[in-house]
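Each chain, written out:
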Amino acid sequence: MMSMAPTLAHYLVVSGLLFTIGMAVVLLRRNLIIIFMGLELMLNAANLSLVAFSRFNLSAAGLPSYDAQVLVFFIITVAAAEVAVGLAIIVAIYRSLQTTHVEDLDTLKF
Amino acid sequence: MLAAGLGVVFSRKPVNSAMCLVVAFVALAALFITLDAFFIGIIQVLVYAGAVMVLFLFIIMLLDLKSESTRKLNVPACVGGVLVVGGFVGLLVKVVASNPAFHATKPALSGPVDDVREVGMTLFTDFNMPFQIIGVLLLVATVGVVLLSKRQLE
Amino acid sequence: MTPQSAAWFILFTPLVTAAVILFIGKFSKPLSSTLAILGAAFTCVLSWWLFFGPDFADPVRLEWIDFGKILGPDSPAQFFVPIGLTIDALSKVMLLVVTTIATIVFTYSVGYMATEEGYSRFFAALSLFLFSMLGIVLADNFVMMFIFWELVGVSSFILIGHYFGKDSAAEACKQAFTVNRIGDFGFMLGIITFWFATGSVIFSEVESSLGVFAQAPIWLNIAVILVFCGTVGKSAQLPLHVWLPNSMEGPTPVSSLLHAATMVAAGVYMLARIFPIVLAAPIALEVIGWIGALTCFVAGLMAIQQNDIKRILAYSTISQLGYMVLGAAVGPMWGIPMFHLFTHAFFKCLLFLCAGSVIVGMHHKQDIWQMGGLAKKMPITFLAMVAGTLALIGTPFFAGAYSKDLIIEFAWTKNPFWFWMSAGAVALTAAYMTRLIVVVFFGAPRTDYARKAGESPMIMIVPLMLLSITALVAGWPIVQKQFIPIEHPEGYPGWVHPVILGFLALGVFSAIAIYRKVGTKDPIYIPAFANRLYIDDAYAWLVRWAQDGTASLLAWVDRWIIEGIGVQFTAKMTWAAGFALRFLQLGNIQAYVFFFGAGVIALIYFLFATP
């Protein structure tokens, strides 16, 4: 696979697999922090596919279309903010419940 | 990078998971560089690997998480998770294989690309408004974090 | 004033009077009664004037409803209802009867109602009644007659329930209207049948197009019987007679005007109006005859045991109406029933007015067993009542004899049962009327009221005297020829008249013998007759059964179907759905993500993977 030039399909598959791994983290791990890390993985997978599209769809002047890269910039910024706020929430949860195990958060259960 | 990602999934200790994640981010940045997106690659390393992961590690150390205590394995949840994951992979392969446009190779660029300048131009002209809003968003996030971290709400 | 406009004046003057009295009644009582009497007198004068003029060749018409050929161009049915006033021999004589008696009764009411409540309201209602009755008399088509028929029922309702504070009066006026309505339902069906077949509702046109029924004459009979249902209701024939005795709850002038002389006679008048049609329907004639004969006999039976002076007269009215209906069945022309209607109106009105005078003298007590010896206390009333009684029972040379005997003669020629029933009713009539006279006017006074009774004021006495004269002469051939054409049947045996006289004597003398020296109670007690053959009780049971049955059925439907299925079912379904969906709230983040992921996969699959 390394011998031929990577096509868009390769990048997309990698992005998809990364997204899948992120989802697997969210579904299969039971620690809140690690689930959160899985979220970040998913976001990055999206970034990768965006950049790949940006490179492969050239604009009129033969340059990559930078709209997608701007979007990636925004996504990184927002993800950073989200991590900050999310971790603050997790800390607050830990303070009140003394646990980060996701199965202990069941007060909204029927 | 994929191996690092798998590492995140299967590590026992949270710190190990965090380190695997850092490795994944760096590898991702390398991929960005191969795609001629230099600015984005550097930003990825600076922000994600630099700031976000540091924050994660701070929290892990603050909460003093040990390795995940073994509880009874929740079989239906695991099965559900595997199913979803498998389904997604299958779909992915199918969709990508079916579209012939995805199989073209990387087209050549017209010349050396000055992507920082280009990104900046696009950002400040076409996307100026979202840019300002992002600024407000960061302010709000900061205020929110400070508020959430108070011990008692006065 | 042309005859045509006179007809319109006759019809609408009482309506205007009623409206005016409604407005000014609160301010001046004497004014209300004066207006009412003037209105009635005006119509009376105009009626007499028209009587001596020629008949109208065509009715005076005002086109009202004209829907054209509403059943399609092929059928003859055309819905055209004019407001038309017919002036021919029949309506002229009926106009005379109605307006003259109305004027007399209005005058009498001034005295009777002097101390009663609702004075102006009473006169307004009386004027309204007069308007409605004149509408029936003058109508030239079925629909107009039906409208005024109902209006008469409404006026009767208002007048019977004049003392609306009394429960019995309220019940009575309700019963009158409802029972009438039952008859009117049949009447309406009859009108529709006629319209359907002949295409018109106007009397003259229906009469001339009876050939339409030639291929299916059963329909003509059915239509006539249905129309006759209206008569059964309005003229209180069996089995819809139950309202008339209860209508005596109204003031006595009402009883005399409506429920003796005019309104109840409207049923007979209607039969006379459509007489050519009735004559062409032999099965209907049979039905009419049987009902008439049965009514006159059975009502007489019921009257023998009544103790309220007005109820005795009420059952007597039912019995005489039976005679009139029988006359319509057996006579070859409309004059036969109308003659008895004519005489009966006068003497029955007289009898009721006398009863009213007695009641006023007795301070509004009506039980005959509380009266007695009133002949000395109220001589003029006594004489007038005797005159009326003699006329009613058919004493020779008095009015009733001529008209009643005529009907009995014709009954002999048609059906022996009818003859014996009507002849037997002569005996019964004599018996109960003599009983009434003997108990009320002779003997010793039974209570204080009777001892203190006195003669009534002049305004009430004068009408009595006037009517006594008519009770005597109205039947004499000289008088009769002026008003009503009749003919006698041929071929009835000579012993018919003596037999009738024999029944008459039997009734009179047996009543005198039994009741001459009697105390405060009736010596004879026949429960079946006293309880009016239990017909009233049967109706009450039927109504209660139907009402309770419907109520229980509806209660069941309400409880099980509307509440059970409708309300509770939807409520429980909603609750169950909520309960089922509750289990989705697992509270487990990973479960939510699982659902989320599954949803996304499904979405992508359906959007991109399947073509």
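To be clear, the structure that these remarks concern was listed above.
Scope of this entry: the structure provided in the associated data block.

About the thresholds
- Every chain is numbered on its own, with residues counted from 1 as its sequence reads.
- Think of it this way: whatever chain is written first is A, whatever ligand is written first is 1, and the rest follow in order.
- A pLDDT threshold of at least 70 governs which residues receive local features in this predicted model, and a stricter bar of 80 or more applies before side-chain atom pairs are shown or counted, although totals over entire chains, interfaces and linings include all residues.
- Think of it this way: build a C-beta for each residue from its backbone, and any pair within 7 Å is a contact.
- Going along the chain from the N terminus, every DSSP run of H or I of four or more residues is numbered as a helix, and every run of E of two or more is numbered as a strand.
- In this classification, the charged set is Asp, Glu, Lys and Arg, the nonpolar set is Ala, Val, Leu, Ile, Met, Phe, Trp, Tyr, Cys and Pro, and all remaining amino acids, among them Gly, are polar.
- Working convention: axes come from line fits to C-alpha atoms, limited for helices to the stretch in contact. Angles between N-to-C directions cover 0 to 180 degrees.
- Should an angle fall under 35 degrees it is taken as roughly parallel, and over 145 as roughly antiparallel, whereas 65 to 115 is taken as roughly perpendicular and any remaining angle as oblique.
- Counting other C-beta atoms within 10 Å of its own, a residue is labelled buried from 20 upward, exposed at 12 or fewer, and partly exposed in the gap between, with every C-beta atom placed from the backbone.
- We call a set of buried Ala, Val, Leu, Ile, Met, Phe, Trp, Tyr and Cys residues a nonpolar core when their C-beta atoms link them within 7 Å.

Turning our attention to the interface of chain A and chain B. In this complex, chain A contributes 58 residues to the contact, which on the side of chain B involves 62 residues. Broken down by secondary-structure element, the contributors of at least two residues to the side of chain A that touches chain B are helix H1 (8–28), helix H2 (32–56) and helix H3 (67–97) of chain A. Considering every element that reaches the side of chain A that touches chain B, the biggest residue donor is H3(A), with 21 residues. Partitioning the side of chain A that touches chain B into residue classes produces 44 nonpolar, 10 polar and 4 charged.

Residue and element names in this part refer to chain C. Where helix H14 (residues 309–330) meets helix H15 (residues 335–361), the axes come as close as 10 Å, and the angle between the chain directions of the two elements is 175°. With respect to H15, the element H14 is oriented roughly antiparallel. Across the interface between the two elements, Ile309, Lys310, Leu313, Thr317, Gln320, Tyr323, Met324, Gly327 and Ala328 of H14 pack against Ile336, Pro337, His340, Leu341, His344, Lys348, Leu351, Phe352, Ala355 and Val358 of H15. For the contact of H14 with H15, a count of residues per class yields 12 nonpolar, 5 polar and 2 charged.

On the side of chain B, 9 residues touch chain C, which itself brings 9 residues to the contact. A per-class count over the side of chain C that touches chain B returns 7 nonpolar, 2 polar and no charged.

Attention now moves to unusual backbone geometry. Residues and elements named next belong to chain C. With an omega dihedral of -10°, the bond running from Leu238 to Pro239 counts as a cis peptide bond. Relative to the helices and strands, Pro239 is located in the loop between helix H8 (217–234) and helix H9 (243–246). For Ala236, which is not glycine, the phi dihedral falls at a positive 55°. Position of Ala236 relative to the elements: it lies in the loop between H8 and H9. Among the residues examined, Ala236 registers 31 C-beta atoms within 10 Å and is labelled buried. A positive phi angle is found at Phe397, which is not glycine, with a value near 75°. Note on placement: Phe397 falls in the loop between helix H17 (379–393) and helix H18 (399–414).

One way to put it is that H2(A) packs onto helix H2 (residues 14–34) of chain B with a least axis distance of 11 Å and a crossing angle of 5°. In terms of axis orientation, H2(A) runs roughly parallel to H2(B). Along its contact with H2(A), which presents A:Ile33, A:Ile34, A:Met37, A:Leu41, A:Asn44, A:Leu48 and A:Val51, the element H2(B) presents B:Pro14, B:Ser17, B:Ala18, B:Leu21, B:Ala24, B:Phe25, B:Leu28, B:Leu31 and B:Phe32. When its residues are assigned to classes, the contact of H2(A) with H2(B) shows 14 nonpolar, 2 polar and no charged.

Next up on the list: the nonpolar core. Core analysis: the biggest nonpolar cluster contains 208 residues, and C:Cys349 and C:Leu350 have the highest contact counts within it. Per-element tally for this core: the top contributor is helix H19 (residues 416–441) of chain C, with 18 residues. Ignoring any residue separated from it by four or fewer positions in sequence, one finds C:Leu350 in contact with C:Ala384, C:Gly388, C:Leu464, C:Leu467, C:Ser468 and C:Ala471. Counting 61 residues, the second largest nonpolar core, distinct from the first, contains A:Met37, A:Val83, B:Leu31 and B:Ile43.

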